[in-house]
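Residues per chain are reported as follows:
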Amino acid sequence: MSGLAFDADDPRLAAAAWSRLAEPGDEVAGALVAHLGAPGALAWLWDQQGSETVEGPAALTAGARALAAAVNRWSPRLDGLDPRRELGVLEQTGGTLLLPDDERWPRGLDDLGAAAPFALWVRGDPDVAAACRRSVSVVGARASTAYGEHVTAQIVGGLVDRGFTVVSGGAYGIDAVAHRGSLLAGGRTVAVMAGGVDRFYPQGNHDLLRRVAEAGSVMAEVPVGSAPFKQRFLARNRLIAAMTSATVVVEAAWRSGALSTARRAADLLRPVGAVPGPVTSMASGGCHQLLRDGVATCVTDAAEVADLAGGIGPDTAAPPAGRPAEVDGLDPAARAVLDALPVRAGADVASLVRTAGRSLPEVLGALGVLELRGLAAPDGAGWRRARATKSGR
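Along each chain, the written sequence defines residue order, and numbers are assigned to residues from 1. Only residues with pLDDT of at least 70 get local features here, since the model is predicted, and only at 80 or more are side-chain atom pairs given and counted; chain-wide, interface and lining totals rely on the full set of residues. With hydrogens and water stripped out, all remaining heavy atoms of the structure feed into the side-chain values.

### Brief notes about the overall build of the protein
Under the DSSP-based scheme used, a helix requires at least four consecutive residues in state H or I and a strand at least two consecutive residues in state E, with every element numbered from the N terminus. Secondary structure summary: the protein contains 15 helices and 11 strands in total. The buried label goes to any residue with under 20% of its type's maximum accessible area, the exposed label to any with over 50%, and the partly exposed label to all in between, with areas taken from a 1.4 Å probe on protein chains only. In the protein, which comprises 393 residues, the share counted as buried stands at 52%. For the protein, the exposed area adds up to about 17,000 Å²; of that, 54% sits on carbon and sulfur atoms. In short, Shrake-Rupley with a 1.4 Å probe defines the accessible areas, and a residue's cover is counted only from the protein chains shown.

Encoded structure:
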């Protein structure tokens, strides 16, 4: 294509170019690219710039007015457009560009339809699909309270023990506690940025996000060098909602951005959980609103979140009352350790001590009792719940 400084027929370069040309969530751009492909849409745009009328493809002529407005939005960014420079910067950070046809692309994003991203700019582990197959987004207020941070750490530690990836937005407050808690528990975490992944934002979380990139992934739909504008934060929230199995809001004020994540998740038919807080706390007002509106289910611990996000069966939380007869006679320490045991991947003893809130001797003694009762089983260097037999044991 004459006039452009790069090979616009290259699908990788064309997708990267569209992630610069169109703002996140631009459904007109998404529909155009879906119809023509990224290279074809780019060629069409180049032909249209400067035209007073827009001659759209046949399937899009009904939206000619929207297309004309969109061309006026996109055309100024064609000047000097060269995604090769941005890809070079990404490669210098050790990053990877993912396209929708890549097996490492999180398939939940496909549910966004025309609002889906054109590409993902990823630092760290590029296999975001693997991370999101069993995942929960944990979001909340930037101005978090000690209560919210404590609950977040407890929930995240339990989710990691159960094999979930924790996804959040890398912001101050609940987001940062969610990422930090996942790292401390030895889990995998994904941070979704509103700006380019070459400059971690906010600056105060730079070291944390660097550690997230080392142990998990930091990703964005906008190219490197992009600034995190307010509207990009709101658009970013739809990715967090779409790519995970469920969304949990720990603390949120009445106008918190976390509420937009929760409502987008609900729109996408993803389960939404909200942690209740003190009725006097402004920081929990948004959570109470989600519960009152029927958008969210009340969750108070990792077992209930896993029940919300997981499949029927192994992730189903035990009811708080009417325990099976097999737990009768267990002392409080053994019951606490049983509740802390993951159902799939084994958890080491140190994790069980932290999750159960019991001393090391108590946990070791309880594991012996639970193994004898057929309720716990060794799993490599850790422990998990024993699988039930036909007799119910």
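Resuming the write-up.
### Comments concerning the packing of aromatic side chains
Two rings from Phe, Tyr or Trp (for Trp, the six-membered ring) form a pair when their centres are within 6.5 Å of each other. A pair whose planes differ by under 30 degrees is stacked, one over 60 is edge-to-face, and the rest are tilted. Within this structure, the stated rule accounts for 3 aromatic pairs. Relative to Phe118, the ring of Trp18 lies with its centre 6.1 Å away and its plane at 40°, an arrangement referred to as tilted. Note that Trp18 is positioned in helix α1 (residues 11-21) and Phe118 in the loop between β1 (96-98) and β2 (120-124), a separation of 100 residues in sequence. Like Trp18, the residue Phe118 is buried in the burial classification. Taken together, the ring pairs in this structure connect Trp18, Trp74 and Phe118 into an aromatic cluster. The criterion is that NZ of a Lys, or CZ of an Arg, lies within 6 Å of the ring centre and within 35 degrees of the ring normal, and then a charge sits over that ring. Directly above the aromatic system of Phe164 lies the positively charged group of Arg134, at a separation of 4.0 Å from the ring centroid.

### Comments concerning the packing of helix α2 (residues 27-48) against helix α3 (residues 64-74)
Each pair of packed helices can be summarised by the angle the axes make with each other and by the distance between the axes. Note on definitions: angles span 0 to 180 degrees between N-to-C directions of axes, and those axes are lines fitted to C-alpha atoms, for helices only across the stretch in contact. Interhelical geometry of α2 versus α3 gives an angle of 60° and a closest axis separation of 12 Å. Viewed along their axes, α2 and α3 adopt a mutual orientation that is oblique. Once α2 is placed against α3, the crossing between them reads as right-handed. Every residue of α3 that contacts α2 at Val28, Ala29, Leu32, Trp44, Leu45 and Gln48 is listed here: Ala66, Leu67, Ala70, Val71, Arg73 and Trp74. Should an angle fall under 35 degrees it is called roughly parallel, over 145 degrees roughly antiparallel, and 65 to 115 degrees roughly perpendicular, with every other angle called oblique. Handedness of a helix crossing follows the sense of rotation of the near helix relative to the far helix, less than a right angle counterclockwise being left-handed and clockwise being right-handed. Throughout, a contact is declared for two residues whenever any of their heavy atoms are within 4.5 Å.

### Focus on the sheet that holds strand β8 (residues 272-274)
The strand order across the open sheet built from 9 strands is β1-β2-β6-β5-β4-β3-β7-β8-β9, with neighbouring strands paired in mixed fashion. The two strands at the open ends of the sheet, each matched to only one other strand, are β1 and β9 (297-298). Pairing geometry for β1 and β2, over 3 bridges, is antiparallel. Paired with Leu97 across the strands is Trp121, a residue of β2. Any two strands with at least two DSSP bridges between them are considered paired.

### With respect to the packing of helix α10 (residues 257-267) against helix α11 (residues 285-292)
Closest axis-to-axis distance for the α10/α11 pair is 10 Å, and the angle between their directions is 20°. Of the possible angle classes, the one that applies to α10 and α11 is roughly parallel. In this structure, α10 crosses over α11, and the sense of that crossing is right-handed. Here α10 contributes Leu259, Ala262 and Arg263 to the contact with α11, which in turn contributes Gly286, Gln289 and Leu290. Of the residues that constitute the contact of α10 with α11, the class distribution is 3 nonpolar, 2 polar and 1 charged. Residue polarity is assigned by list, with Asp, Glu, Lys and Arg as charged and Ala, Val, Leu, Ile, Met, Phe, Trp, Tyr, Cys and Pro as nonpolar; anything else, Gly included, falls into the polar class.

### A look at the state of the cysteines
Count a disulfide wherever a pair of cysteine sulfur atoms falls within 2.5 Å. For the structure shown, the criterion picks out 0 disulfides. Looking at Cys298, it has no disulfide partner, and the nearest cysteine sulfur is the one in Cys287, 9.8 Å off.

### Quick notes on the nonpolar core
Only buried residues count toward a nonpolar core, which is a set of Ala, Val, Leu, Ile, Met, Phe, Trp, Tyr and Cys residues joined through side-chain atoms within 4.5 Å. Ranked by size, the top nonpolar core spans 46 residues in total, and within it Trp18, Leu42, Trp74 and Trp121 carry the most contacts. Sorting the residues of this core by element identifies α1, α2, α3, α4 (83-92), α7 (174-184), α8 (206-215) and β6 (217-220) as the ones contributing at least two each. The leading source of residues in this core is α2, at 8 residues. Excluding residues that lie within four positions of it along the chain, Trp18 makes contacts with Ala29, Leu32, Val33, Ala38, Ala41, Leu42, Leu45, Trp74 and Phe118. Of all hydrophobic cores here, the second largest spans 33 residues; its members include Leu109, Leu112, Cys287 and Ala296.

### Regarding the pairing of β6
The alternating pattern of β6 places Ser217 and Met219 and Val218 and Ala220 on opposite faces, both of which are buried. Pairing analysis gives 3 bridges linking strand β5 (residues 189-192) to β6, with the strands arranged parallel. Each bridged residue has a counterpart across the sheet, and for Ala191 the counterpart in β6 is Val218. In this fold, β5 hands off to α8, which returns the chain to β6; that crossover is right-handed. Handedness rule for crossovers: strands pointing away from the viewer, path from the first strand over the helix to the second running clockwise, crossover right-handed.

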